[in-house]
Amino acid sequence: MSVAVLVVSERVVGEVPDVTFELLGKGREIASALGGELAIAVLGHQVGELPFGAADVAYVVDDPALANYAASAVEAALAAVVEAASPKVVLMSTGTVGLDLAASLAARLGAPMASYAVDVATEGDTVVATSQLYGGKLLAEVALEGSPAVVSVIPGSFAADAGRVGGAPRIETIAVSLDGAGARGEGVREPEASGVDITAADLLVSVGRGIGSKENLELVQELADALKVPLAASRPIIDQGWLPKPHQVGKSGKKVKPQVYLALGISGAPEHLEGMRSAGTIIACNTDPKAPIFEVAHYGTTVDLFDLVPELTERL
Amino acid sequence: MDIVVVVRQLADLVEELEVNDEGTDIDRDFVKFVANEWDEAALEEALCLKEAVGGTVTVVALDEPDVDQTLYAAAAKGADRVVKLTGHDPDGWVRTRERAARVATWLRDQHPDVVLTGVQAADDLDGQMAGVVAAYLGWPHAAVVVVVEPAGNELTVTQELGGGTVATSTLAMPAVLGIQAARQAPRYAPISRIRQAQQSTTIEEVEIDEPAIGAVASVRRLFPPPSRGGAEMLEGSAAEVADKIVEILRARGLVRA
Ligand SMILES: Cc1cc2nc3c(=O)[nH]c(=O)nc-3n(C[C@H](O)[C@H](O)[C@H](O)COP(=O)(O)OP(=O)(O)OC[C@H]3O[C@@H](n4cnc5c(N)ncnc54)[C@H](O)[C@@H]3O)c2cc1C
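Residues numbered from 1 in each chain as written. Chains lettered and ligands numbered in written order. Predicted model: local features only at pLDDT ≥ 70, side-chain atom pairs only at ≥ 80, totals over all residues. Heavy atoms only, no water.

An unreviewed UniProt entry lists chain B under the name Electron transfer flavoprotein alpha/beta-subunit, with Acidimicrobium ferrooxidans given as the organism. The Function (unreviewed entry) field of the UniProt record for chain B holds the comment "The electron transfer flavoprotein serves as a specific electron acceptor for other dehydrogenases. It transfers the electrons to the main respiratory chain via ETF-ubiquinone oxidoreductase (ETF dehydrogenase)." In its Subunit (unreviewed entry) section, the UniProt entry covering chain B states "Heterodimer of an alpha and a beta subunit." (UniProt positions renumbered as here; feature names shortened; annotations may be inferred.)

An unreviewed UniProt entry annotates chain A as Electron transfer flavoprotein alpha subunit of Acidimicrobium ferrooxidans. Per UniProt, the comment on chain A under Subunit (unreviewed entry) is "Heterodimer of an alpha and a beta subunit." Its UniProt record gives chain A a comment under Sequence similarities (unreviewed entry), which states: "Belongs to the ETF alpha-subunit/FixB family."

Is there a simple way to think about the layout of surface pockets in this case?
In this approach a probe as big as a water molecule rolls over the atoms, and the regions it shows empty are the leftover space. The volume enclosed by the second largest pocket comes to roughly 890 Å³. If you go around the second largest pocket, you meet 41 residues; those closest to its centre are A:G136, A:P292, A:E295, B:P225 and B:R228. When residues of the lining of the second largest pocket are traced back to their parent elements, those giving at least two are strand 6 (126–133), strand 7 (138–144), helix 7 (270–276) and helix 8 (293–296) of chain A. When the residues that make up the lining of the second largest pocket are grouped by side-chain class, the tally is 21 nonpolar, 10 polar and 10 charged. Split by domain, the lining of the second largest pocket shows at least three residues from each of two domains, domain 1 (3–173) and domain 2 (198–315) of chain A. (1 Å grid on protein atoms, 1.4 Å probe; cavity = no way out; pocket = protein on both sides within 12 Å on 5 of 7 lines; lining within 4 Å. Points joined across faces, edges and corners; volume = space filled by probe spheres on them. Helix = DSSP H or I, 4+ residues; strand = E, 2+ residues; numbered from the N terminus. Nonpolar A, V, L, I, M, F, W, Y, C, P; charged D, E, K, R; others polar. Domains from an automatic or database assignment.)

Could you clarify how one ought to interpret the sheet that holds strand 15 (residues 299–301) of chain A in this entry?
Sheets are built from strands paired through backbone hydrogen bonds, the pairs being either parallel or antiparallel. Across the sheet, which stays open at both edges, the six strands sit in the order 12(A)-11(A)-13(A)-14(A)-15(A)-13(B) with parallel pairing between neighbours. Every other strand in the sheet has two partners, leaving strand 12 (231–233) of chain A together with strand 13 (232–233) of chain B as the edge strands with one partner each. Where strand 13 (residues 260–264) of chain A lies against strand 14 (residues 281–285) of chain A, five bridges are found, and the strand directions are parallel. What sits directly across from A:L262, in strand 14 of chain A, is A:I283. Running over the sheet, helix 9 (residues 305–314) of chain A touches strand 13, strand 14 and strand 15 of chain A and is turned about 140° from strand 13 of chain A. Against the sheet, helix 6 (residues 238–251) of chain B touches strand 11 (203–207), strand 13, strand 14 and strand 15 of chain A, its axis set at about 165° to strand 14 of chain A. (Pairing = 2+ DSSP bridges. Contact = heavy atoms within 4.5 Å. Axes fitted to C-alpha atoms, helices over the stretch in contact; angles between N-to-C directions.)

Even after reading the chapter, I still don't get the site of the ligand, so can you show me in this structure?
Around the ligand lies a shell of 32 residues, among which A:S234, A:Q248, A:S267, A:E271 and A:N286 are the nearest. Residues near the ligand are shared among chains A and B, making this a multi-chain site. Residue A:G253 places a main-chain N or O atom 3.2 Å away from an oxygen atom belonging to the ligand. With respect to the ligand, the side chain of A:H272 contributes an N or O atom lying 2.8 Å from an oxygen atom. Relative to its unbound accessible surface of 990 Å², the ligand loses 88% to contact with the protein. (Near = heavy atom within 4 Å. Polar contact = N/O pair within 3.5 Å; in protein donor to acceptor, adjacent residues only side chain to side chain. Areas by Shrake-Rupley, 256 points an atom, 1.4 Å probe, with all protein chains shown as cover.)

Listed below in structure tokens is the structure:
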């Protein structure tokens, strides 16, 4: 049987991330629909006993050049796997590895690609993806005619359980020359431990770009102080240098799961939601009634945060 | 170091986005177009690199609504050259694949050491720019880049992997980088300086023929996400909403009665 779906294992360090199993779970459905095998690409060095989840076949490139992550080297390895497996569909995530490699791989292959997918399905032989555009304000249903259809999926779009169920896949070892890749990995650094731990709090006051300026942060800091909880923030607040990195919630920040998450002036971009969508209760304040944050929030208000926050502080 | 920064215009996400009559694109007639925020970070990083090691910064964009303003602003911030690529419908949706192919066509005649662009744009349906430009040129690339350091004829870059973990790698030049954040927040160009740049800067125009881009995703339908019920909206004045929120916190024992 030929390979229908190739899932790219996105492990760089540590454990295989959830998203790989999410993709394997969805990949199994698509492989069944297309009548082919589910494969996983594992690219690294001394990969050892990595789980292959639900895959029927594992393509392994184990090379010292992959000991440390470097996009172009991993891409060359992946291209070799795609050539060997010749899948109809390649599934990656819009995590770093997917952001790095999915589009360039597709362009090199002259293959169709959909980014920011939240769903993937088949209609006969055609792969149909549903992608989030404009920060989640619109969805696009797109048909991918041509092989392989490359789809990069937003983490958290599918359940991981079905993909975790392990079998005993056939192992195919692929040897590639990675000398000419033009890049070498130098190593990986884990985040430094710091004083604030926004992941431990039961309640978080979280602020986004709606706050407007650094000076205005004082307003939300007063509220956080009154509640005796840490102040969390979306990425732009950190990138502007208004708060240090350990305060960031989201894909490249911390994953938080407080009982209550109070989101003030945050639009709800997919990368932010990745970090906070499993909070017990989400209360969102955003003047734009169409802001995507209201889709995940349990309670919402379109009152201006500059009016709401002082009223809240006053009551505590 | 000669740096090219690829920038673009994008519908302002703060605006209401309507779908056009065909249901396959946004209605561009009533949209405000602004510079892609990640490209602003790429430009900032380019200017910082030039300040650190010398060289030139060239900013290139496709012809798009209000792009001249963005190019003049780049000149006002310190770009040495600004270039506009024409030869496509300036009012339509140019997908990433085609955009990248047009930019790559132009780049083939340039000899930059590094190309910087934003890590993504909110309508990158068929992938993110940096990797595609690199694919067309056969150059190394990296996305989600937060640190760029020249080291001889190589570049050392740091990429975010998620959750605060970062990976460092060394790339041969020329390379294409998708910038996530510059070493500092993008500088601001006062309107007076942009006006001055408008007087003193010429936007070079280069016509690019339609490139071949292979199979791409075809949009069948563009639509607002079906509401999953979403939030229970708290109505009333700020004071009334504050009362309700405090009530919710109190019910969960998060503030004392
Ligand atoms: C690889 C990658 C990783 C990323 N990682 C993260 C991450 O970890 N965390 C993260 O947050 N983002 C991350 N992002 C960025 C993300 O895509 C968004 O750009 C970001 O989340 C937007 O932040 P925001 O909601 O604060 O700002 P905006 O999207 O600008 O939203 C501001 C909101 O404030 C509202 N507003 C304005 N004024 C007021 C007012 N007076 N009162 C109430 N509301 C008001 C507006 O209506 C708007 O909805 C990442 C992006 C990439 C590409």
